[in-house]
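# Residue-level structure breakdown
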Amino acid sequence: MKRILALSMLCWSFSCASPQKSDQEIFSEQQREVLDPIPEVDIDLPELEKALIVQGLVNVEEVIPGVRVELKYSTTDNFFNQDVYGDLTRAYLQPEVADRLGKAQEYLKEINEGYTLLIYDGVRPASVQQILWDNLDKPDSLKPLYVADPKVGSLHNFGVAVDLTIYDLSADSTLDMGTGYDFFGYAAYPDREKQMLDEGVLNQAQVSNRELLREVMTRAGFTGIGSEWWHFNAYSRREAGEKFVIVK
C-alpha cells in the first residue's frame, strides 16, 4: 500500500510540474534580469545629446538643484576660440559622478547659500576629443600638454571628470579665481599657488576662493590636478577604465 501511494504521489508531481524551459527561454529571462532598460529619449533633443542619454549619462541640471551650466566648448570662449559642441549646451556625467557633484553642491550651500556651482565642462565625447586634437595648432609631440590624445582618452571622455567654478548669485558673477578657464600658465596651477602669491601674481582672496572650491569637491569624493584649478576627477584613469567605457 505504501509503495502504491508513493508511486501515485510521484506520478502526480510529474503531471502537475511545469514543462521544462528551453535554453533560449532561460537565456531570454537572464537577459531581461541583467540588461538595463534603454532610457527614453526626447526626440527633439540634438543627436549628440540623445547619444549621451542612450549611453547612460545624466543631465546634471536635472539631478542637482540650482547648479548652473555654461559649456565653454559650446561657445568660442575657450583656448581654441571655436564652438566644438554645436547644439550640445547641457552638461552630462555618469550617474554616480553626478551624485557626488550633487553632494559638493550641498556642501557649498551649507557654507554659503548664495553660492552655486557653475559647470564649464562634463563628459566630452571621443568624437569631440578628436576634433580638439586635430585642430590644436601644436606639434603632435606637444599636443598632450594641452589635450589628451584621443587614442588614449581623457577622464572627460569617460564622463567622470568635471570642470567648474563657483558662482555668486548675489553678485551675479563668478568668484575671482585669479585666471580664467583654460588659462595655460603657472597662475592656474594649484601646485604653484604659494609661488604665485609670493610673486604677486595671485592674491590671498583668489587663492581662498580656489581653496573653497577644492574643499567642497574633495569632501564629495573628487580629486584635483596640479595644473588646472577648475578640473576635478571622480576616479583615477585605471578605475574609470574598469568601471566605464569611453563615451562616443
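So, here's what we can say about the structure.

Reading guide: rules and limits
Residues numbered from 1 in each chain as written. Predicted model: local features only at pLDDT ≥ 70, side-chain atom pairs only at ≥ 80, totals over all residues. Heavy atoms only, no water. Salt bridge = Lys/Arg side-chain N within 4 Å of Asp/Glu carboxyl O. Helix = DSSP H or I, 4+ residues; strand = E, 2+ residues; numbered from the N terminus. Buried < 20%, exposed > 50% of the residue type's maximum accessible area, 1.4 Å probe, protein only. Phe/Tyr/Trp six-rings, centres within 6.5 Å; stacked < 30°, edge-to-face > 60°. Contact = heavy atoms within 4.5 Å. Polar contact = N/O pair within 3.5 Å; in protein donor to acceptor, adjacent residues only side chain to side chain. Arc of directions from axis to C-beta.

It is worth spelling out the pattern of salt bridges at this point. Across all of its chains, the model carries 13 salt bridges by this definition. A salt bridge links Glu-47 to Lys-50, with the shortest nitrogen-to-oxygen separation between them at 3.1 Å. Of this pair, Glu-47 and Lys-50 are both found in helix 3 (residues 47–54), three residues apart, which corresponds to roughly one turn of the helix. With a relative accessible area of 58%, Glu-47 lands in the exposed category.

For the structure shown, the criterion picks out nine aromatic pairs. When the centroid spacing of 6.0 Å and the interplanar angle of 65° are considered together, the rings of Tyr-73 and Tyr-85 count as edge-to-face. Highlighted residues: Tyr-73 in the loop between strand 2 (68–69) and strand 3 (92–93) and Tyr-85 in the loop between strand 2 and strand 3, separated in sequence by 12 residues. Seen from their ring centres, Tyr-73 and Tyr-181 are 6.3 Å apart, and the 70° between their planes marks the pair as edge-to-face.

Mapped onto the fold, Arg-219 is located in helix 9 (residues 204–219). Its relative accessible area of 47% is what places Arg-219 among the partly exposed residues. Once the C-alpha coordinates of Arg-219 and Lys-103 are considered, the two residues, 116 residues apart in sequence, prove to be 8.4 Å apart. Setting aside residues no more than four positions away along its own chain, Arg-219 makes contact with Tyr-107 and Glu-110.

What follows is about the environment of Tyr-73. Look at Tyr-73 and you get buried, because its relative accessible area is 3%. Setting aside anything within four residues of it in sequence, one finds Tyr-73 in contact with Asn-78, Phe-79, Phe-80, Gln-82, Asp-83, Val-84, Tyr-85, Asp-121, Arg-124, Leu-132, Tyr-181 and Asp-182. At a separation of 3.1 Å, a polar atom in the side chain of Tyr-73 contacts the side chain of Asp-182.

Buried within helix 6 (residues 126–135) we find Val-128, Gln-129, Leu-132 and Trp-133. Angular distribution of buried residues about the axis of helix 6 spans 140°; they occupy a single face of the element. Packed against the buried residues of helix 6 are helix 7 (155–158).

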